[in-house]
Amino acid sequence: MQSNCPFCEEIFHKDKNLYENNLAWVKESLGPVSDGHMLVIPKRHIADFFDSTKEEKVAIMELLDWAKAYVESKFKPDGYNIGVNCGQAAGQTVMHLHIHLIPRYKGDVEDPRGGVRGVIPSKIAYW
């Protein structure tokens, strides 16, 4: 556990966790970009995806599948973006690995082509 880490502090608040396994947990995003936006977070304090062990990656992917099934049953989205920010230059603001599962809905943006390429707007159009 890392002091001043919001995810480390929340791990032990079971009422905020939707689901967990031995190495990670799922919660609803406190700043959702769409209905059903979920976060999958390892219990061990690590900075980013590349610091996780093979076992943590397996546990995270298991919970990502669980989160998708949960969102499907509750919100019925038309698609998904899965995002991981690794480092400040990539936009990471909480330095504890977390994976975003962002449900997408038809019409939520004018033109969704390019998806995650939109992190650099001038590079989104490749077609």
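For the structure, see preceding data.
My aim in this report is to walk through the structure given alongside it, one point at a time. Along each chain, residue indices are assigned from 1 in the same order as the chain's sequence is written. For this predicted model, a pLDDT threshold of at least 70 governs which residues receive local features, and a threshold of 80 or more governs which side-chain atom pairs are given and counted, while totals over whole chains, interfaces and linings are taken from all residues. Water and hydrogen atoms were dropped before computing side-chain values, which therefore reflect all heavy atoms in the structure.

## A word on the pattern of salt bridges
Here is step 1: The salt bridge definition used is simple: a Lys or Arg side-chain nitrogen within 4 Å of an Asp or Glu carboxyl oxygen. One pass over the full model with this rule turns up six salt bridges.
Here is step 2: Here R104 makes a salt bridge to D108, at a shortest N to O gap of 2.8 Å.
Here is step 3: Judged by its relative accessible area of 35%, D108 falls in the partly exposed class. Note on classification: 1.4 Å probe, protein chains only; a residue is buried when its accessible area is under 20% of the maximum for its type, exposed when over 50%, partly exposed between these limits.

## Section: the layout of surface pockets
Over the atoms rolls a probe the size of a water molecule, and in doing so it shows where empty space is left.
Here is step 1: The computed volume of the largest pocket comes to approximately 480 Å³.
Here is step 2: Lining residues are defined by having an atom within 4 Å of a point belonging to a cavity or pocket. Those points lie on a 1 Å grid over the protein atoms alone, cavities being sets where a 1.4 Å probe fits but cannot get out and pockets being open sets with protein on both sides within 12 Å along at least five of seven lines. Along its surface, the largest pocket is lined by 19 residues, and V33, N81, I102, V116 and V119 are the ones closest to its centre.
Here is step 3: Elements supplying a minimum of two residues to the lining of the largest pocket: β4 (79–83) and β5 (99–104).
Here is step 4: A class-by-class count of the residues in the lining of the largest pocket yields eight nonpolar, nine polar and two charged. Grid points are joined across faces, edges and corners, and a volume is the space filled by probe spheres set on the points. Strands here mean DSSP runs of E at least two residues long; helices mean DSSP runs of H or I at least four residues long; both are numbered from the N terminus. We call Asp, Glu, Lys and Arg charged. Ala, Val, Leu, Ile, Met, Phe, Trp, Tyr, Cys and Pro are nonpolar, and the rest, Gly among them, are polar.

## Observations concerning the environment of K27
Here is step 1: With respect to the element layout, K27 can be found in strand β2 (residues 24–28).
Here is step 2: Distance from K27 to I11, taken between C-alpha atoms, is 9.8 Å for residues 16 residues apart in sequence.
Here is step 3: Identification of polar contacts relies on pairs of N or O atoms within 3.5 Å, with a donor-acceptor requirement for protein atoms, meaning one able to donate a hydrogen and the other able to accept it, and with residues adjacent in sequence counted only if both atoms are side-chain atoms. A distance of 2.5 Å separates the side chain of K27 from the side chain of E10, its partner in a polar contact.

In short, geometric facts, not functional conclusions.
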